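Next come the chains, spelled out residue by residue.
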Amino acid sequence: MQIGFNFTLNATLDMVQRMIKARQIDYCELLIDNFLHVPPKELETTLDCPIAFHIMFSKFLESDDEVLGKLAKRIRILIDALNPIYVSDHLLRFTHEGRCFYNLGEIDYETQFDAVRRRVEKWQDLLGRRLYLENFPSIMEGGWDAPAFYRRLSKETGAGVLFDASNAVCAQHNCGAPLDLWNDIIETTQHFHVAGYAQSFSAPHVIVDAHDREMAPDTIEFLSSMRSSFDKPGATITYERDINIDYDSIAVDLQRLREIFPRTQELEHAGLVACAS
């Protein structure tokens with residue numbers, strides 16, 4: 001298993017470079033929206049490790065084709081130059097009937113499959129690479145329907161799943177959706193996310209994907225209990241922290257991940273990741 005860190009802002013560059021040098025991480029996942037203006041050569045020389053791309057604000061389910069096409073051209077310049085391990089995005093909504101959500105909105109898995117499938121096919125074609133789509137930290141009943149939706153979407157579009165382990169734990173807390181609904185997806189996908197979660201500030205009974213603290217014990221237990229399903233040739237797991245960024249705290253979590261996924265297995269897979277990059 002290759003362990004990575006989600007690099008979101010230039011302010012954390014020194015910390016990320018320290019992680020790379022100390023071999024705390026094997027690759028760096030760029031929140032690519034924030035680096036579209038950076039010349040590819042500069043990214044290549046600044047980060048001495050393989051990289052992956054994570055897209056946050058494409059809004060590809062809602063953007064018109066012209067806007068999406070322009071964004072894809074900018075991302076493809078970086079894809080062609082840097083050949084990332086994977087390119088990922090989210091299935092979520094930013095608006096409803098023209099009004100912006102305060103928080104990100106989950107799609108309706110029961111009624112929106114055909115529309116989502118068409119947009120995924122469009123976005124994936126524009127990017128020219130297989131797209132990995134992250135599961136949502138469901139709050140309502142969607143947590144039960146999401147695994148089957150992603151399974152069908154993958155089958156019909158070829159898009160992969162970027163399985164966020166802590167998002168699935170959030171969904172289990174919020175709506176009771178069992179983690180084992182995702183078992184076959186965990187077995188087959190190669191790319192994973194994990195982070196700390198927290199109670200919502202405005203509604204404490206809701207668990208949100210906070211990215212602001214260390215991993216919860218049940219998230220660690222989930223990863224440990226299915227270690228052999230997560231870990232496989234070419235597999236990656238990205239640790240996300242973009243609030244309360246503290247090097248020592250992040251180092252503790254990276255070490256926890258390394259203990260679950262020991263370096264001995266990672267070395268066996270290193271060549272495959274190198275090929276992908």
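Each remark here, short or long, concerns the structure printed above.
Calculation criteria
Residues numbered from 1 in each chain as written. Predicted model: local features only at pLDDT ≥ 70, side-chain atom pairs only at ≥ 80, totals over all residues. Heavy atoms only, no water. Helix = DSSP H or I, 4+ residues; strand = E, 2+ residues; numbered from the N terminus. Expected span 1.5 Å × (residues − 1). Buried < 20%, exposed > 50% of the residue type's maximum accessible area, 1.4 Å probe, protein only. Contact = heavy atoms within 4.5 Å. Pairing = 2+ DSSP bridges. Right-handed = clockwise from strand over helix to strand, strands pointing away. Axes fitted to C-alpha atoms, helices over the stretch in contact; angles between N-to-C directions. Parallel < 35°, antiparallel > 145°, perpendicular 65-115°, else oblique. Left-handed = near helix turned anticlockwise from the far one by under 90°. Nonpolar A, V, L, I, M, F, W, Y, C, P; charged D, E, K, R; others polar.

Student: Describe helix H4 (residues 113-127), listing the residues and the values that go with them.
Tutor: With 15 residues, H4 ought to run about 21 Å at 1.5 Å a step, and its terminal C-alpha atoms sit 21 Å apart, in line with that. Among all positions of H4, only Phe113, Val116, Arg117, Arg119, Val120, Trp123, Gln124 and Leu127 are buried. Contacts from the buried residues of H4 go to helix H3 (65-82), strand S4 (87-90), strand S7 (131-134) and helix H5 (142-157). Glycine 128 occupies a position one or two residues after H4 and carries a positive phi of about 75 degrees.

Student: Which residues make up the pairing of S4, and what values do they have?
Tutor: In S4, alternate side chains face the same way, and those of Val87 and Asp89 on one face and Ser88 and His90 on the other are all buried. When strand S3 (residues 51-54) meets S4, the two strands line up parallel, connected through two bridges. Along S4, the bridge assignment pairs phenylalanine 53 with valine 87. Note that the unit made of S3, H3 and S4 has a crossover that is right-handed.

Student: So what's going on with the sheet that holds strand S2 (residues 27-31)? Which residues, and what values?
Tutor: Read around the closed barrel, eight strands run S1-S2-S3-S4-S7-S8-S9-S12, paired in parallel fashion. Averaged over all adjacent pairs, the angle separating strand axes in this sheet is 30 degrees, with direction ignored. Here helix H6 (residues 165-175) sits on the sheet and contacts S7, strand S8 (160-164) and strand S9 (191-194); the angle it forms with S8, its principal contact strand, is near 65 degrees.

Student: Break down the packing of H4 against H5 for me, citing the residues and quoting the values.
Tutor: At a closest axis distance of 10 Å, the pairing of H4 and H5 adopts a crossing angle of 50 degrees. What the angle tells us is that H4 and H5 run oblique. For the pair H4 and H5, the crossing hand works out as right-handed. On the side of H4, the interface is formed by Phe113, Asp114, Val116, Arg117, Val120, Glu121 and Gln124, while H5 contributes Phe149, Arg152, Leu153, Glu156 and Thr157. Residue composition of the contact of H4 with H5, by class: five nonpolar, two polar and five charged.

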